[in-house]
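Fold and contact review
So the chains spell out like this:
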Amino acid sequence: MGGETPSTLVGRSGPKETVEVSRPANAELGRVAFKEECASCHAAGDGFDLAVFSFPDSTIIRRALGHVNELAANDIVAHIRTIQLENSTIFGPSKKSESVRSHPSAW
């Protein structure tokens with residue numbers, strides 16, 4: 001299945017079946033995906049620049065989809081929001097960060 005959503009499976013009998021693959025966003029996987037697919041074009045190389053500018057989730061996902069699948073894009077959002085949470089003394093309290101903690105399905 002390769003982690004893509006949705007994925008198409010072909011059984012021995014031949015018919016195709018679409019299966020939705022879903023899981024909560026994972027900040028650590030997002031860090032890895034960002035490093036492998038995005039870091040070379042970003043000033044900080046770790047996503048800190050995206051965290052500073054507080055881009056909305058939809059913008060991060062839209063831009064990431066040119067390079068990674070939807071699951072990885074959501075993981076990248078989780079990674080960026082984690083940077084914001086870990087650096088809250090720099091960024092200050094964020095409503096966006098609060099919504100990420102309480103509503104991970106919104107990613």
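As the structure is a prediction and not an experimental result, all values here were calculated from the model.

1. Some points on the overall build of the protein
- Counting its regular elements, the protein contains six helices and two strands.
- Seen in sequence order, the protein has helices and strands lined up from the N terminus as β-β-α-α-α-α-α-α.
- Here the protein, with 107 residues, has 32% of them falling under the buried criterion.
- Of the contacts formed within the protein by residues at least 6 apart in sequence, a portion of 54% connects residues at least 24 apart.

2. Some remarks on the packing of aromatic side chains
- Summed over all chains, the structure comprises one aromatic pair.
- Measuring from centroid to centroid gives 5.9 Å for phenylalanine 53 and phenylalanine 55, while their planes differ by 45°, and the two rings are tilted.
- Relative accessible area serves as the criterion here: at 60%, phenylalanine 53 is assigned to the exposed category.

3. Side note on the pattern of salt bridges
- Using the criterion set out here, one finds three salt bridges in the structure.
- With a closest N to O distance of 2.6 Å, arginine 31 and glutamate 28 form a salt bridge. In this pair, arginine 31 and glutamate 28 both sit in helix H1 (residues 27–37), three residues apart, roughly one turn of the helix.

4. So, the layout of surface pockets
- Looking at the largest pocket, its volume works out to about 320 Å³.
- His42, Leu50, Arg63, Ala64 and His67 are, among the 14 residues lining the largest pocket, the residues nearest its centre.
- Sorting the residues of the lining of the largest pocket by element identifies H1 and helix H3 (57–64) as the ones contributing at least two each.
- In terms of residue count, the dominant contributor to the lining of the largest pocket is H3 (four residues).
- Of the residues in the lining of the largest pocket, the class split is eight nonpolar, four polar and two charged.

5. Focus: the environment of valine 68
- Within the secondary structure layout, valine 68 lies in the loop between H3 and helix H4 (70–86).
- As a C-alpha pair, valine 68 and phenylalanine 34 span 34 residues in sequence and 9.3 Å in three-dimensional space.
- Dropping the residues within four chain positions of it, valine 68 is found in contact with Glu37, Ala73 and Ile76.

6. Describing unusual backbone geometry
- Unlike most non-glycine residues, serine 54 shows phi in positive territory, near 50°.
- By secondary structure assignment, the location of serine 54 is in the loop between helix H2 (48–53) and H3.
- The exposure class assigned to serine 54 is partly exposed, which follows from its relative accessible area of 35%.

7. A few points about a nonpolar patch on the surface
- A contiguous nonpolar patch, built from Val52, Phe53 and Phe55 and spanning about 290 Å² of accessible area, is present on the exposed surface.
- One can find phenylalanine 55 in the loop between H2 and H3.
- Classification of phenylalanine 55 by relative accessible area gives partly exposed; the value is 32%.

8. Remarks on the nonpolar core
- By size, the foremost hydrophobic cluster in this structure holds 16 residues, and its most contacted members are Phe34, Ile60, Ala64, Val68, Ala73, Ile76 and Ile80.
- At the level of elements, H1, H2, H3 and H4 are the ones that each hand at least two residues to this core.
- Of all the elements, H4 adds the most residues to this core, at six residues.
- Those residues in contact with isoleucine 80 that sit more than four places away from it in its chain are Gly47, Leu50, Ala51 and Ile60.

Here is what the cut-offs are and how they apply
Residues numbered from 1 in each chain as written. Predicted model: local features only at pLDDT ≥ 70, side-chain atom pairs only at ≥ 80, totals over all residues. Heavy atoms only, no water. Helix = DSSP H or I, 4+ residues; strand = E, 2+ residues; numbered from the N terminus. Buried < 20%, exposed > 50% of the residue type's maximum accessible area, 1.4 Å probe, protein only. Contact = heavy atoms within 4.5 Å. Phe/Tyr/Trp six-rings, centres within 6.5 Å; stacked < 30°, edge-to-face > 60°. Salt bridge = Lys/Arg side-chain N within 4 Å of Asp/Glu carboxyl O. 1 Å grid on protein atoms, 1.4 Å probe; cavity = no way out; pocket = protein on both sides within 12 Å on 5 of 7 lines; lining within 4 Å. Points joined across faces, edges and corners; volume = space filled by probe spheres on them. Nonpolar A, V, L, I, M, F, W, Y, C, P; charged D, E, K, R; others polar. Patch = residues over 30% accessible without salt bridge, like charges linked within 9 Å, V, L, I, M, F, W, Y side chains within 5 Å. Areas by Shrake-Rupley, 256 points an atom, 1.4 Å probe, with all protein chains shown as cover. Core = buried A, V, L, I, M, F, W, Y, C linked by side-chain atoms within 4.5 Å.

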